[in-house]
Amino acid sequence: MKPIAHVAFALLVAGAQASFLRFVGGGAFSLALLAPCLVYLGLNAGNVEGVLTAAAIGYVLDLLAGTPKGLMTFLGVALFLLSRAAGVAVDLRGRAAFGVLSGAGALFLSVGAMVLLRYVLPPEAAPGVRLLPRMLLEAFLTGFASPLVLIGMRAIDRRFHREEPGLLG
Amino acid sequence: MFQLIKRYRELLLVAALLVLPLGVFFAHAKRADDPSRVDRAILWVTRPVEWVVARAVTGSLEAWSGYVALRHAHDQARTLSRENNMLRMERDALLQERAENERLRRLLSLEQGAPDRTYLGARVIGVRLGPSGRQILTLDRGSEDGAGRNMPVLVADGVVGRIQAVTTRTSDVLLLVDTYSSIAVRVERTRARANVRGTGKPDGARLEYALRSEDMIEGDVLVTSGTDGIFPRGLRVGKVTQLRRSQHGLFQEATVVPSVDPTRVEEALVLTSADRAPETAPAALAPGKTP
């Protein structure tokens, strides 16, 4: 149930993000709040559960964002693995560290999409490096807003948390 | 083999979830595919959720901006209203100044049109247009400024009247519509002579001593003839209306609409010197009447 709840939460976040950006910025800036979801999964979820959820979130993102099928699915799984690797290598605690990793994750998603699309799309249609400042701004804003996602993901984890029986008694 | 797969199943799953989407991406990226049935099914599930979330977020933000964020709107509205009133007052003042500038420009053009004459600019500071009394305007210029009795008072549209009484600082102007005022005029078109006498009403005068034999029609413009010893020749006085030519008698009668509406005069020029010919007896004073 928890993976489904995570995917549903990611869907809610994507919808809220789209509405918020339309109302506030009108497209002047962007957010990638699914990156913190994937980062959270990389830091906290199990291997199978996490990678399946990450793939599902990426797949939904492909459908909602209109990117070529498989792009965000691949990048979502890749970000999950990178987050997991970062979590193993560095002891990440607190909202600030989560925000930094989320910002880096958002930048990874953007740059990864740009690089892959430049391989397959004609040069005039592919996103260029001129989008880099916009990507950096998106990464910064995503990192800034990621604690909100962290709160939501933690709430889902608490709701589906089960105590291991017999450990203490 | 099965044991191997079972042993590395997580690794294989991760590898599959990396390779498969990448393959799908490279296979489909160059052409836009229609959504598959699975895609459509997922979208069918996710769209309503997205719609509800969008409505909730938009509604919350609009409620915030429409109600909560308007806490200080009343104070702002009051401040803006005050500023608006101030700006409207300033605008009205500017419009007044513009109108005044226009009037003064016209007076200046009148003055520059006759360089041999000298004028004294004056403002109207008092009005007495009583129905039974004199028709008088008071100017802010008096004998100290060079104003004198019987000096003509003009605006760009024509004759206002003449100075009747002078103090050191002010002058009373007897308007041409006063019953004691009589101005020698000519019909501009035919040069026929007559007098214009006031009727005591701010908007009316009448024609006097216009011979029946003279060519005169309604609409004729009357100008000063310069023969009354007060007004120089050629200043507009009014227009002929309601012309009546009776079967007998020496003169024809008419009503004269003055060129200048005395109720609208705010600035005027006092003609302090001019080419006034000292000829014939002044017609400005009617026989038997003294102002």
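Please read all numbers here as calculations on a predicted model, not as lab measurements. (Residues numbered from 1 in each chain as written. Chains lettered and ligands numbered in written order. Predicted model: local features only at pLDDT ≥ 70, side-chain atom pairs only at ≥ 80, totals over all residues.)

**Q** Tell me about the overall build of chain B, and name the residues and values.
**A** Within chain B one finds 4 helices and 12 strands. Scored against the burial criterion, the 291 residues of chain B give a buried share of 28%. (Helix = DSSP H or I, 4+ residues; strand = E, 2+ residues; numbered from the N terminus. Buried ≥ 20, exposed ≤ 12 C-beta atoms within 10 Å, placed from the backbone.)

**Q** Let's hear about the sheet that holds strand β8 (residues 205-211) of chain B: which residues, and what values?
**A** All names here are of chain B. Strand order in the closed barrel formed by 6 strands is β6-β7-β8-β11-β10-β9, and the pairing between neighbours is antiparallel. Between one strand and the next, the sheet's axes are offset by a mean angle of 40 degrees, whatever the strand orientation. Sheet topology note: the strand β6 (residues 182-187)/strand β7 (residues 193-198) ladder contains 5 bridges and is antiparallel. Pairing of Val185 across the sheet is with Ala194, part of β7. (Pairing = 2+ DSSP bridges. Axes fitted to C-alpha atoms, helices over the stretch in contact; angles between N-to-C directions.)

**Q** Help me get a handle on the sheet that holds strand β5 (residues 171-175) of chain B, residues and values and all.
**A** Here we have 6 strands rolled up into a closed barrel, ordered β1-β2-β5-β4-β3-β12 (chain B), and antiparallel in their pairing. Across this sheet, the average inter-strand angle for adjacent strands is 45 degrees, counted without regard to direction.

**Q** An account of the environment of B:Thr199 is requested, with residue identities and associated values reported.
**A** Residues and elements named next belong to chain B. Assignment of secondary structure puts Thr199 in the loop between β7 and β8. Overall, the presence of 16 C-beta atoms within 10 Å leaves Thr199 in the partly exposed class. C-alpha of Thr199 to C-alpha of Thr255: the two residues are 56 residues apart in sequence and 9.6 Å apart in space.

**Q** Give a description of the packing of helix α3 (residues 47-65) of chain A against helix α4 (residues 71-89) of chain A that names residues and reports values.
**A** Residue and element names in this part refer to chain A. At a minimum axis separation of 7 Å, α3 and α4 run at an interaxial angle of 145 degrees. Classified by chirality, the crossing of α4 by α3 is right-handed. Contacts between α3 and α4 involve Gly50, Val51, Ala54, Ala55, Ile57, Gly58, Tyr59, Leu61, Asp62 and Ala65 on the former and, on the latter, Leu71, Met72, Thr73, Leu75, Gly76, Val77 and Phe80. Partitioned by chemical class, the residues of the contact of α3 with α4 number 12 nonpolar, 4 polar and 1 charged. (Left-handed = near helix turned anticlockwise from the far one by under 90°. Contact = placed C-beta atoms within 7 Å. Nonpolar A, V, L, I, M, F, W, Y, C, P; charged D, E, K, R; others polar.)

**Q** Outline helix α4 (residues 73-113) of chain B, supporting the account with residue identities and numerical values.
**A** Under the 1.5 Å per step criterion, the end-to-end length of α4(B) is 58 Å for 41 residues, consistent within 8% with the ideal 60 Å. Within α4(B), only 0 of the 41 residues are buried, which leaves it mostly out in the open. (Expected span 1.5 Å × (residues − 1).)

**Q** Outline the interface of chain A and chain B, listing residues and values.
**A** Much of the literature gives interface size as the accessible area that the parts lose upon coming together. Counting residues at the interface gives 26 residues for chain A, matched by 25 residues for chain B. Where the side of chain A that touches chain B is concerned, the elements lending two or more residues are α1 (2-24), α3, α4 and α5 (94-120) of chain A. Ranked by residue count, the leading element in the side of chain A that touches chain B is α1(A), at 8 residues.

**Q** Tell me what's going on with the environment of B:Asp203, and back it up with residues and numbers.
**A** Assignment of secondary structure puts B:Asp203 in the loop between β7 and β8. Considering only alpha carbons, one finds B:Asp203 and B:Thr263, 60 residues apart in sequence, at a separation of 8.8 Å.

**Q** Can you lay out the nonpolar core for me, pointing to particular residues and giving the numbers?
**A** Most often, soluble globular proteins keep nonpolar side chains buried together rather than apart. Counting 54 residues, the largest nonpolar core has A:Leu34, A:Cys37, A:Leu38 and A:Ile57 as the members making the most contacts within it. No other element matches α3(A), which puts 10 residues into this core. Setting aside chain neighbours within four positions, we find A:Ile57 in contact with A:Val7, A:Ala10, A:Leu34, A:Cys37, A:Leu38 and A:Gly76. Counting 46 residues, the second largest nonpolar core, distinct from the first, contains B:Leu139, B:Leu175, B:Leu176 and B:Val185. (Core = buried A, V, L, I, M, F, W, Y, C linked by C-beta atoms within 7 Å.)

**Q** Describe in detail the packing of α1(A) against helix α2 (residues 34-44) of chain A, supporting the description with residues and values.
**A** Residue and element names in this part refer to chain A. α2 packs onto α1 with a crossing angle of 160 degrees between their chain directions and a minimal axis gap of 9 Å. Looking at the two axes, α1 sits roughly antiparallel to α2. With respect to the hand of their crossing, α1 and α2 are arranged in right-handed fashion. Here α1 contributes His6, Ala10, Val13 and Ala14 to the contact with α2, which in turn contributes Leu34, Cys37 and Leu41. For the contact of α1 with α2, the residue count by class is 6 nonpolar, 1 polar and no charged. (Parallel < 35°, antiparallel > 145°, perpendicular 65-115°, else oblique.)

**Q** Help me get a handle on the pairing of β7(B), residues and values and all.
**A** For β7(B), a buried count of 5 out of 6 residues is recorded, marking the element as mostly surrounded by other parts of the structure. Hairpin connection between β6(B) and β7(B): a loop of 5 residues separates the two successive antiparallel strands, and B:Arg191 in this loop has a positive phi of roughly 65 degrees.

**Q** If you had to explain unusual backbone geometry to someone new, which residues and values would you point to?
**A** All names here are of chain B. Phi is positive for Asn150, which is not a glycine, with a value near 70 degrees. By secondary structure assignment, the location of Asn150 is in the loop between β2 (135-139) and β3 (152-155). The backbone phi angle of Arg191 is positive, close to 65 degrees, even though this residue is not glycine. Relative to the helices and strands, Arg191 is located in the loop between β6 and β7.

**Q** So what about helix α2 (residues 9-28) of chain B? Which residues, and what values?
**A** All names here are of chain B. Under the 1.5 Å per step criterion, the end-to-end length of α2 is 28 Å for 20 residues, consistent within 8% with the ideal 28 Å. The complete set of buried residues in α2 reads Val14, Leu17, Pro21 and Phe25. Along the axis of α2, the buried residues cluster in a sector spanning 60 degrees; they form a single face. Facing away from the buried side of α2 by over 90 degrees, the exposed positions are Arg9, Leu11, Val19 and Gly23. (Arc of directions from axis to C-beta.)

Don't take any of this as a statement about function, it's just geometry.
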